Amino acid sequence: MSVNPGQPVVAVVQRIEIKKLRQGENLILGFSIGGGMDQDPGQNPFSEDKTDKGIYVTRISPGGPADVAGLMMGDKIMQVNGWDMTMVTHDQARKRLTKKKEDVVRLLVTRKSLEEAVKQSMGKKYPCYKQ
């Protein structure tokens, strides 16, 4: 998904609800993130647009809460519990995801396969549809 400054962003999103796993004092989500406004977007292997400073899922623990919920490596996190994640630092994103008082994390994510599926279905219904 490429973004042009000053232009509206259109994204195909999926809702994912992750129930944190409690291990003693820790709440486990079962995934890692990369990216953020303070990171070098050129180092992000999941972004086609090397200026994209979004938050991406970089690792999923097999069988963990995120894996069970359907989160996938490479997903771009757009929202966490209603909070916009498109313009946050890496640390802000980490803190938003790991709040101790929240046993459930509700994500809005976009992934390349979702966008491709919509483009293909739009092309079939509307042959003149191009992007």
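Residues numbered from 1 in each chain as written. Predicted model: local features only at pLDDT ≥ 70, side-chain atom pairs only at ≥ 80, totals over all residues. Heavy atoms only, no water.

1. Notes on the environment of Gly 30
Here is step 1 of the chain: By secondary structure assignment, the location of Gly 30 is in the loop between strand S3 (26-28) and strand S4 (31-35).
Here is step 2 of the chain: Residue Gly 30 is classed as buried on the basis of its relative accessible area, which comes to 8%.
Here is step 3 of the chain: Residues Gly 30 and Arg 59, spaced 29 residues apart in sequence, show a C-alpha to C-alpha distance of 8.3 Å.
Here is step 4 of the chain: Every residue in contact with Gly 30, bar those within four places of it in the chain, is listed here: Arg 59, Ile 60, Ser 61, Pro 65 and Ala 66. (Helix = DSSP H or I, 4+ residues; strand = E, 2+ residues; numbered from the N terminus. Buried < 20%, exposed > 50% of the residue type's maximum accessible area, 1.4 Å probe, protein only. Contact = heavy atoms within 4.5 Å.)

2. A look at helix H2 (residues 90-97)
Here is step 1 of the chain: Those residues of H2 lying buried are Ala 93, Arg 96 and Leu 97. Here the buried residues of H2 occupy an arc of 95° about the axis, which is enough to place them on one side.
Here is step 2 of the chain: The inward-facing, buried residues of H2 contact S4, strand S5 (55-60), strand S6 (76-80), strand S7 (83-84) and strand S8 (104-110). (Arc of directions from axis to C-beta.)

3. Description of unusual backbone geometry
Here is step 1 of the chain: Despite not being glycine, Asn 81 has its phi angle at roughly 50°, a positive value.
Here is step 2 of the chain: Of note, Asn 81 is situated in the loop between S6 and S7.
Here is step 3 of the chain: Under the relative-accessibility criterion, Asn 81 is labelled partly exposed at 24%.

4. Here we look at the pairing of S5
Here is step 1 of the chain: Where S4 lies against S5, five bridges are found, and the strand directions are antiparallel. Residue pairing across strands places Gly 34 opposite Tyr 56, the latter belonging to S5.
Here is step 2 of the chain: Of the pairings in the sheet, the one linking S5 to S6 comprises two bridges and is antiparallel in character. Paired with Ile 55 across the two strands is Ile 77, which belongs to S6. (Pairing = 2+ DSSP bridges.)

5. Some words on the pattern of salt bridges
Here is step 1 of the chain: Inspection of every chain in the model, using the stated rule, returns seven salt bridges.
Here is step 2 of the chain: We note a salt bridge from Arg 106 to Glu 17, for which the minimum N-O separation is 3.1 Å. Taken together, the positions of Arg 106 in strand S8 and Glu 17 in strand S1 (residues 14-19) put the pair 89 residues apart, joining distant regions of the chain.
Here is step 3 of the chain: Arg 106 sits in the partly exposed class, given a relative accessible area of 46%.
Here is step 4 of the chain: Among the salt bridges present, the one from Asp 75 reaches Arg 111, with a minimum N-O distance of 2.6 Å. In this pair, Asp 75 is assigned in the loop between helix H1 (65-69) and S6 and Arg 111 in the loop between S8 and helix H3 (112-125), connecting sequence segments 36 residues apart.
Here is step 5 of the chain: One salt-bridge network, in which partners are shared between bridges, spans Glu 17, Lys 19 and Arg 106. (Salt bridge = Lys/Arg side-chain N within 4 Å of Asp/Glu carboxyl O.)

6. Describing the nonpolar core
Here is step 1 of the chain: Core analysis: the largest hydrophobic core is formed by 19 residues, its most contacted members being Ile 18, Phe 31, Leu 71, Ile 77, Leu 97 and Leu 107.
Here is step 2 of the chain: Of all the secondary-structure elements, those providing two or more residues to this core are S1, S4, S5, S6, H2 and S8.
Here is step 3 of the chain: Residues within four places of Leu 71 in sequence aside, it is in contact with Ile 16, Ile 18, Phe 31, Val 57, Ile 60, Ala 66, Leu 107, Val 109 and Arg 111. (Core = buried A, V, L, I, M, F, W, Y, C linked by side-chain atoms within 4.5 Å.)

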